[in-house]
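# Coordinate inspection notes
In case you want the letters, here they are:
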Amino acid sequence: DTGVSQNPRHKITKRGQNVTFRCDPISEHNRLYWYRQTLGQGPEFLTYFQNEAQLEKSRLLSDRFSAERPKGSFSTLEIQRTEQGDSAMYLCASSPGDTQYFGPGTRLTVL
Amino acid sequence: AQSVTQPDIHITVSEGASLELRCNYSYGATPYLFWYVQSPGQGLQLLLKYFSGDTLVQGIKGFEAEFKRSQSSFNLRKPSVHWSDAAEYFCAVGVESSASKIIFGSGTRLSIRP
């Protein structure tokens, strides 16, 4: 399978814990995006990388959130001191230019 | 501000019937427009996209969409739905010249009546 992969697929954590998600984009896609999707809503843009450079961050991305793409390949999204409001599906997408291809997402549940 | 409106939260159609899902966008320049489908527990799959040219766009799974600039609309259609089309459908607009950021609508859930 050469699509976008995300790990883990599901994560249950207690409030206050830190979590980290990984996204492996389609090979040679230089753009990588993170979105958050809550129940009954469309995905909301969080942040965007071109190669290893983080070019844009949404105001939704509070100080507790950090994303990296250290070598321009895979990316990680870390949430520190999780809150119940962080419970959502976190989607990753990659793009060679103008069309984004999405992974299956990581569903986070904060108890 | 850029936005996408999908006025129908939930639609039910009979198998074999035609389908039209509505989408209106707000964006000052020429938009990049997309329709994605999301099945339960799955990621988003691209159905079709419009960047320029012919305003009637063909996609996968027998779907098509028509861009109407005068109405700021990009409605999705299918002449005959199948039970496997039951899913959530999202319209989206790319807000940069290279669609580096996508704004999604809130989605329309499609149910199929046997």
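Overview of the structure. It should be emphasised that the depicted structure is a prediction, and the values quoted were computed from it without experimental measurement. (Residues numbered from 1 in each chain as written. Chains lettered and ligands numbered in written order. Predicted model: local features only at pLDDT ≥ 70, side-chain atom pairs only at ≥ 80, totals over all residues. Heavy atoms only, no water.)

## Quick look at the overall build of chain B
- Helices and strands together make up the secondary structure of chain B, namely zero helices and 12 strands.
- Helices and strands in chain B line up, N terminus first, as β-β-β-β-β-β-β-β-β-β-β-β.
- For 114 residues, the compact-globule estimate of 2.2 N^0.38 gives 13 Å, and chain B sits close to it at 13 Å.
- With the principal axes as the frame, chain B shows a C-alpha extent of 40 × 30 × 20 Å.
- Each of the 114 residues in chain B was classed as buried or not, and the buried ones make up 47%.
- Considering only residue pairs separated by 6 or more positions, chain B has 53% of its internal contacts joining residues 24 or more positions apart.
- Split by element, the accessible area of chain B, about 5,300 Å² in all, is 48% carbon and sulfur.
- A gap of 2 Å separates the mean positions of the 10 positive and 9 negative side-chain charges of chain B. (Helix = DSSP H or I, 4+ residues; strand = E, 2+ residues; numbered from the N terminus. Rg over C-alpha atoms; globule rule 2.2 N^0.38 Å. Buried < 20%, exposed > 50% of the residue type's maximum accessible area, 1.4 Å probe, protein only. Contact = heavy atoms within 4.5 Å. Areas by Shrake-Rupley, 256 points an atom, 1.4 Å probe, with all protein chains shown as cover. Lys, Arg positive; Asp, Glu negative; His and termini not counted. Charge placed at Lys NZ, Arg CZ, Asp CG, Glu CD.)

## Digging into the pattern of salt bridges
All names here are of chain A.
- Taken as a whole and assessed by the stated rule, the structure comprises seven salt bridges over all chains.
- Between Arg-22 and Asp-24 there is a salt bridge, with its nearest N and O atoms 2.8 Å apart.
- Arg-64 serves as the salt-bridge partner of Glu-83, at 3.4 Å between the closest nitrogen and oxygen. Remark: Arg-64 occurs in the loop between strand 6 (53-57) and strand 7 (65-68) and Glu-83 occurs in the loop between strand 8 (75-79) and strand 9 (88-95); sequence separation between them is 19 residues.
- Glu-83 gets classed as partly exposed once you look at its relative accessible area, which sits at 40%.
- With a relative accessible area of 11%, Arg-64 lands in the buried category. (Salt bridge = Lys/Arg side-chain N within 4 Å of Asp/Glu carboxyl O.)

## Focus: unusual backbone geometry
All names here are of chain A.
- With an omega of -10°, the peptide bond running from Asn-7 to Pro-8 counts as cis.
- In this structure, Pro-8 sits in the loop between strand 1 (5-7) and strand 2 (10-13).
- One non-glycine residue, Glu-28, adopts positive backbone phi at about 75°.
- Note that Glu-28 resides in the loop between strand 3 (19-24) and strand 4 (31-37).
- Look at Glu-28 and you get exposed, because its relative accessible area is 77%.

## Describing the packing of aromatic side chains
- Overall, the coordinates contain 18 aromatic pairs over all chains when judged by the stated rule.
- A ring pair is formed by A:Phe102 and B:Tyr36, whose centres lie 5.3 Å apart and whose planes are at 85°; its orientation type is edge-to-face. Of the two residues, A:Phe102 is situated in strand 10 (residues 101-102) and B:Tyr36 in strand 5 (residues 32-38); the pairing between them involves two chains.
- Exposure remark for B:Tyr36: the relative accessible area of 0% places this residue in the buried category. (Phe/Tyr/Trp six-rings, centres within 6.5 Å; stacked < 30°, edge-to-face > 60°.)

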